[in-house]
Structures are given as C-alpha cells and as structure tokens.
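What follows is each chain in one-letter form.
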Amino acid sequence: MNAVPTPRPGALQPPGALAPPEAVPPPGGAPSSVAADGDAFRGDCPGRTVLDHVTSRWGVLILASLRAGPLRFYELRDRIGGISEKMLSQNLRVLVRDGLVDREVEPTVPPKVSYALTSLGRELSDPLQSLIDWIATRTPQIVAAQRCHDLGTPES
C-alpha cells in the first residue's frame, strides 16, 4: 500500500496538489479547527452565527410567526409588520439553511411556497415565545426606565 505523505503545516505545496482532508474547510469557509463545543462566548464558535440568525429582529419574529403552523410568503410578510420582502426572503433563506425552517414548494402553476418550522425550529420557538411574552409584559417598565435615563432622573 502506498502512503501519501501529509505535508507539514505551513509547507508549500505544488500547484494542483490536494490538501489533506483535515485542511479543507467545510462549506461556508470556516476552518476545521473551529470550536464545535457550542461555547458561544468563544469567538470561533459556529453557534455564534446561529445566535445571530435566531436573535436578529426578523429571525425571532419569523420563527415566532411560524409557531401556529405553515405560512405562505405573503402571509408571513403581512404578519410581520415592517419587514420588506427582501429582508423576509434573506432571513427565510438563512433559517432554511440553518435547519430551523422548512420550505415546501407545491408543484402548481404558479408554484405555491410555504414555510414551516422543522423539529429544531419548534424546539427553539418555545423559549423565543417566552422572550417575546416577557418583552410584551415588561415594555412599559423598560420605556419608563429609558425616559428616566434620558432625563437624567433616577428610576422610581
């Protein structure tokens, strides 16, 4: 059996040479040495990207909107006030890629596209809904604290 020598790290390779599998970054360009332990406090944790997707204003609202069941694109757009079609499309694409949202295309003319939570998305939607509920309940207190801060007066 002929063993293929593995070049030492940092060594130059001839043009066209194949990199060893551990040196080939996975799709998305992240190096294989990225922290895979889910520690979002580490700068190289892939979970940080997911955190950005999930906790963005639109990500939270899209995931919460799909809790009740599948929705068509225009239903999501109408449900989430203020989101542009471009932003909705971009965020749906990201959430589908992350495995949180499923995109189903019905073979009709024109095609009907609906979006639904995957099992991962359903699991995530409960704590997100709790966050939304907490914000709805505490918004008056937060707005009052903001007013006090802006006026330079202590909170009551």
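It should be emphasised that the depicted structure is a prediction, and the values quoted were computed from it without experimental measurement.

## Details of the pattern of salt bridges
Then, number 1: Tallied over the full model, the rule gives four salt bridges.
Then, number 2: The partner of D44 in a salt bridge is R42, and the shortest N-O contact between them spans 3.2 Å.
Then, number 3: Looking at D44, the relative accessible area reads 32%, which means it is partly exposed.
Then, number 4: For R42, a relative accessible area of 36% translates into the label partly exposed.
Then, number 5: For R77, the salt bridge goes to D78, with nearest N and O atoms at 3.1 Å.
Then, number 6: Overlapping salt bridges bring together R77, D78 and E85 as one network.

## Thoughts on the packing of helix 1 (residues 47-55) against helix 2 (residues 57-65)
Then, number 1: Relative to each other, helix 1 and helix 2 sit at 70°, their axes nearing to 4 Å. Here helix 1 is positioned roughly perpendicular relative to helix 2, judged by the angle of their axes. Taken together, the residues of helix 2 that come into contact with helix 1 (itself represented by H53, V54 and T55) are R57, G59, V60 and L63.
Then, number 2: Here the residues of the contact of helix 1 with helix 2 sort into three nonpolar, three polar and one charged.

## Looking at the nonpolar core
Then, number 1: In this structure, I62, L63, L66, L76, L92, V101 and Y115 are the most contacted members of the largest nonpolar core, which totals 19 residues.
Then, number 2: For this core, the secondary structure elements donating two or more residues are helix 2, helix 4 (85-97) and strand 3 (112-117).
Then, number 3: Excluding its chain neighbours within four sequence positions, the residues that come into contact with L63 are V54, L95, L100, V101, L117, L124, S125 and L128.

## A short note on the sheet that holds strand 1 (residues 71-72)
Then, number 1: Spatially, the three strands line up as an open sheet ordered 1-3-2, and their pairing is antiparallel. Edge strands, defined here as strands with exactly one partner in the open sheet, are strand 1 and strand 2 (101-106).
Then, number 2: Pairing geometry for strand 1 and strand 3, over two bridges, is antiparallel. In the strand pairing of strand 3, L71 is matched with Y115.

Procedures and definitions
- Residues numbered from 1 in each chain as written.
- Predicted model: local features only at pLDDT ≥ 70, side-chain atom pairs only at ≥ 80, totals over all residues.
- Heavy atoms only, no water.
- Salt bridge = Lys/Arg side-chain N within 4 Å of Asp/Glu carboxyl O.
- Buried < 20%, exposed > 50% of the residue type's maximum accessible area, 1.4 Å probe, protein only.
- Axes fitted to C-alpha atoms, helices over the stretch in contact; angles between N-to-C directions.
- Helix = DSSP H or I, 4+ residues; strand = E, 2+ residues; numbered from the N terminus.
- Parallel < 35°, antiparallel > 145°, perpendicular 65-115°, else oblique.
- Contact = heavy atoms within 4.5 Å.
- Nonpolar A, V, L, I, M, F, W, Y, C, P; charged D, E, K, R; others polar.
- Core = buried A, V, L, I, M, F, W, Y, C linked by side-chain atoms within 4.5 Å.
- Pairing = 2+ DSSP bridges.

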